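For reference, the chains in residue letters:
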Amino acid sequence: MKDLIVPAGDRAPKAEILFKTEKWRFGLLLLFYPIGVFKIWRMKGWLPVKLLYSILGFIIFLISTLYLGVVLFALFLPPLDNSVGTNLARTIYNAAGNYSVTFVKTGNETHGAYELVQVELEPKGGNDWHYHKNFVEEFTVVEGQVRIGHDGDEILLEKGQSTAASRETMHFFKNARNEQSLLLVKVTPAAGLEKTLRVAYGLINDHKLKNDMTENPWHMALLLGYSESFLQGLPGWFQEPLIEGFAKIAQWRGEDKELYKYFK
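Residues numbered from 1 in each chain as written. Predicted model: local features only at pLDDT ≥ 70, side-chain atom pairs only at ≥ 80, totals over all residues. Heavy atoms only, no water.

**Remarks on the pairing of strand 9 (residues 171–175)**
Then, number 1: Counting buried residues along strand 9, 5 of its 5 residues qualify, which places the element largely inside the surrounding structure.
Then, number 2: Burial of strand 9 is two-sided: the residues H171, F173 and N175 facing one way and the residues F172 and K174 facing the other way are all buried.
Then, number 3: In terms of strand pairing, strand 6 (residues 146–150) meets strand 9 through 5 bridges, oriented antiparallel. The partner of H150 across the bridge, within strand 9, is H171. (Buried < 20%, exposed > 50% of the residue type's maximum accessible area, 1.4 Å probe, protein only. Helix = DSSP H or I, 4+ residues; strand = E, 2+ residues; numbered from the N terminus. Pairing = 2+ DSSP bridges.)

And the structure:
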């Protein structure tokens, strides 16, 4: 308190404290867009600043409102369902690239302990940088050469070699050859890997997934939700609740019913 007491004769420091206090209060009000607009348009002058704040602030306000609306609404929805049917084909084929995935061990068979799949990678095929929150992903080359990205670095795996991406570690895998390679992928604990692959391959074969984008945007939200894949370039605190929220809303809307034929 003593530091805040200003002698009556010393007007300059007192004016500086008042200015800083009012500036802080005004900045706080600007965070609440409707109040901020009202306050700033009551001020005299500063027309370019008023227009800039009104336009940019409105865009930010809409995005923030949508983000909070999605995240908060999704909190009241059931969890995403990663289950698949029984007696499904052990091997599925991607007609577009003429390559396959074989489910060596499913989550149902291991009682949720892990999932193990063998993936045929087309020449130079693979995926891009991403990470997962809730499981470890292990890679073993069965045939060929596979390039693995791991936390900003890259390594080249030969036949018989393995590596792993721990939780929340940014990674990717790509075929390093101009011919097919075989890769074993193990996910621990079991998650939504089988469902993700069955849905993705089904959509590709039905020409509803092209250039890494689904025809129905809700299906892309479901795929990201099933795989628990989060992308490079966006902070986790922002994208994780958003992707999970959109996936749960897609399921609530019944958008997954069109996908039943791939995994039921």
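From this point on, the discussion continues.
**A short note on the layout of surface pockets**
A probe as big as a water molecule, rolled over the atoms, marks out the empty space that is left.
Then, number 1: Taken as a whole, the largest pocket holds about 1500 Å³ of empty space.
Then, number 2: Lining the largest pocket are 45 residues, with G126, N127, A200, L209 and D212 positioned closest to its centre.
Then, number 3: Broken down by secondary-structure element, the contributors of at least two residues to the lining of the largest pocket are strand 2 (99–105), strand 3 (115–121), strand 9, strand 10 (181–188), helix 4 (193–205), strand 11 (209–210) and helix 5 (217–227).
Then, number 4: Among the elements that make up the lining of the largest pocket, the one with the highest residue count is helix 4 (7 residues).
Then, number 5: Here the lining of the largest pocket is built from residues that sort into 23 nonpolar, 14 polar and 8 charged.
Then, number 6: Looking at the second largest pocket, its volume works out to about 290 Å³.
Then, number 7: In terms of lining residues, the second largest pocket is bounded by 13 residues, among which A221, L224, L242, I243 and F246 are the most central.
Then, number 8: Among the elements of the structure, helix 5 and helix 6 (236–253) are those that each provide at least two residues to the lining of the second largest pocket.
Then, number 9: Looking at the lining of the second largest pocket residue by residue, the class counts come to 12 nonpolar, 1 polar and no charged. (1 Å grid on protein atoms, 1.4 Å probe; cavity = no way out; pocket = protein on both sides within 12 Å on 5 of 7 lines; lining within 4 Å. Points joined across faces, edges and corners; volume = space filled by probe spheres on them. Nonpolar A, V, L, I, M, F, W, Y, C, P; charged D, E, K, R; others polar.)

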